[in-house]
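# Per-entry structural report
So you can see what is in the structure, the chains are spelled out below.
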Amino acid sequence: DVKVTQSSRYLVKRTGEKVFLECVQDMDHENMFWYRQDPGLGLRLIYFSYDVKMKEKGDIPEGYSVSREKKERFSLILESASTNQTSMYLCASSRQGFAGSTQYFGPGTRLTVL
Amino acid sequence: GENVEQHPSTLSVQEGDSAVIKCTYSDSASNYFPWYKQELGKRPQLIIDIRSNVGEKKDQRIAVTLNKTAKHFSLHITETQPEDSAVYFCAASMAHTGGFKTIFGAGTRLFVKA
């Protein structure tokens with residue numbers, strides 16, 4: 001059974017703080033993704049990674065960075081949190097494949113920036 | 001850029017009726033089309049998917065159709081039950097540097113009234 005875990009379910013931070021969101025998967029998946037989920041906007045891709053130390057920008061990378069030092073772990077970093085980054089953040093992983101494959105999601109982190 | 005449009009945003013049906021959710025995509029290179037279900041407070045989970053070399057796929061009460069020429073795909077749920085109430089996301093995946101990229105629709109909130 002694929003397991004994707006995220007470091008926090010709820011997080012409250014202040015404007016300007018540096019925020020780390022961590023995601024760990026236990027299925028040896030090559031691909032990992034970070035999305036933010038906002039009402040009426042669906043899931044928007046922030047960054048993804050298809051290998052260790054590799055990263056690719058998604059559709060809304062501004063204000064975010066990522067780190068993938070180990071295959072099982074993918075971190076999302078908000079260098080200086082702002083109120084418009086208040087959102088639900090979802091991590092996902094999938095096996096490698098150019099034709100697409102099932103993504104397995106973590107439980108989400110609801111981040112509030114005050 | 002790549003885009004996936006999903007309609008309707010909200011759908012309310014009587015238990016036992018059918019529900020249809022429609023999506024269109026913009027990138028003709030898209031070759032994998034998954035559908036995810038997200039129950040309240042839970043993570044999205046894959047319910048069915050279809051690849052570009054197939055026109056239709058069925059799994060019990062759920063079916064998906066794909067029209068590549070029109071860049072259109074749909075989810076059909078028959079004999080709806082209250083437990084089908086959730087948000088449904090369509091998505092389109094295409095090959096991207098080193099792997100693949102997935103674009104999600106904005107979601108459809110389905111209410112099944114008992």
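Above this text you will find the structure in question.
Notes on the structure follow.

Moving on, we come to the overall build of chain B. Along the backbone of chain B there are zero helices and 11 strands. For the C-alpha atoms alone, the extent of chain B along its principal axes is close to 45 × 30 × 20 Å. Scored against the burial criterion, the 114 residues of chain B give a buried share of 44%. Put simply, of all contacts in chain B between residues at least 6 apart along the chain, 53% involve residues at least 24 apart. For chain B, the accessible area works out to roughly 5400 Å², and carbon and sulfur atoms hold 46% of it. Here chain B holds 13 positive side-chain charges and 12 negative ones, and the gap between their average locations is 4 Å.

With that out of the way, let us pick up the side chain of Ser101(A). Relative to the assigned elements, Ser101(A) resides in the loop between β9 (87-94) and β10 (104-105). Reaching out from Ser101(A), the side chain makes a polar contact with the backbone oxygen of Arg95(A) at a distance of 3.0 Å. If sequence neighbours within four positions are ignored, Ser101(A) has contacts with Ser94(A), Arg95(A), Tyr32(B), Tyr36(B), Arg51(B) and Phe100(B).

What follows concerns the pairing of strand β5 (residues 42-49) of chain A. Side-chain direction in a regular strand flips from residue to residue, so the side chains alternate between the two faces of the sheet. Residues and elements named next belong to chain A. Summarising burial for β5: seven of the eight residues are buried, a large majority. Pairing of β5 with strand β6 (residues 56-57), which is carried by two bridges, proceeds in the antiparallel orientation. Looking across to β6, one finds that Phe-48 is bridged to Glu-56.

Residues and elements named next belong to chain B. Of the consecutive residues His-7 and Pro-8, the connecting peptide bond is found in the cis state with omega at -5°. For Lys-71, which is not a glycine, the phi torsion comes out positive at approximately 55°. Relative to the helices and strands, Lys-71 resides in the loop between β7 (62-67) and β8 (72-77). The phi torsion at Glu-79 lies on the positive side, around 45°, for a residue other than glycine. As for its placement among the helices and strands, Glu-79 is situated in the loop between β8 and β9 (86-96). When its relative accessible area of 53% is taken as the criterion, Glu-79 is described as exposed.

Next up on the list: the interface of chain B and chain A. Contact with chain B, which involves 24 residues of that partner, is made by 29 residues of chain A. Roughly 2100 Å² is buried in total at the junction of chain B and chain A, and carbon and sulfur atoms are behind 54% of that figure. The largest per-residue losses of area from chain B upon contact with chain A belong to Arg43(B), Phe100(B) and Phe104(B), which jointly make up 31% of the total buried on that side. Linking chain B to chain A there are one salt bridge. Taking the shortest distance from any N to any O, the salt bridge between Lys101(B) and Asp59(A) comes out at 3.3 Å. The tally of links between chain B and chain A comes to seven residue pairs in polar contact (both at pLDDT 80 or more). Mapped onto the side of chain B that touches chain A, the elements with two or more residues apiece are β4 (32-38), β5 (45-51), β9 and β10 (99-104) of chain B. When residues of the side of chain B that touches chain A are assigned to their parent elements, the largest contribution, six residues, is made by β10(B). Class assignment for the residues of the side of chain B that touches chain A results in 10 nonpolar, 10 polar and four charged.

Applying the stated criterion to the full structure yields two disulfides over all chains. One disulfide bridge connects Cys23(A) with Cys91(A), the sulfur atoms lying 1.8 Å from each other. Disulfide Cys23(A)-Cys91(A): the torsion about the S-S bond is -75°, which places it as left-handed. Of this pair, Cys23(A) sits in strand β3 (residues 19-25) while Cys91(A) sits in strand β9, placing them 68 residues apart in sequence. Assigned by exposure class, Cys23(A) and Cys91(A) land together as buried. A sulfur-sulfur separation of 2.0 Å characterises the disulfide bridge that pairs Cys23(B) with Cys90(B).

Cut-offs used in this document
- Residues numbered from 1 in each chain as written.
- Chains lettered and ligands numbered in written order.
- Predicted model: local features only at pLDDT ≥ 70, side-chain atom pairs only at ≥ 80, totals over all residues.
- Heavy atoms only, no water.
- Helix = DSSP H or I, 4+ residues; strand = E, 2+ residues; numbered from the N terminus.
- Buried < 20%, exposed > 50% of the residue type's maximum accessible area, 1.4 Å probe, protein only.
- Contact = heavy atoms within 4.5 Å.
- Areas by Shrake-Rupley, 256 points an atom, 1.4 Å probe, with all protein chains shown as cover.
- Lys, Arg positive; Asp, Glu negative; His and termini not counted.
- Charge placed at Lys NZ, Arg CZ, Asp CG, Glu CD.
- Polar contact = N/O pair within 3.5 Å; in protein donor to acceptor, adjacent residues only side chain to side chain.
- Pairing = 2+ DSSP bridges.
- Buried area = accessible area lost by both parts, 1.4 Å probe.
- Salt bridge = Lys/Arg side-chain N within 4 Å of Asp/Glu carboxyl O.
- Nonpolar A, V, L, I, M, F, W, Y, C, P; charged D, E, K, R; others polar.
- Disulfide = S-S within 2.5 Å.

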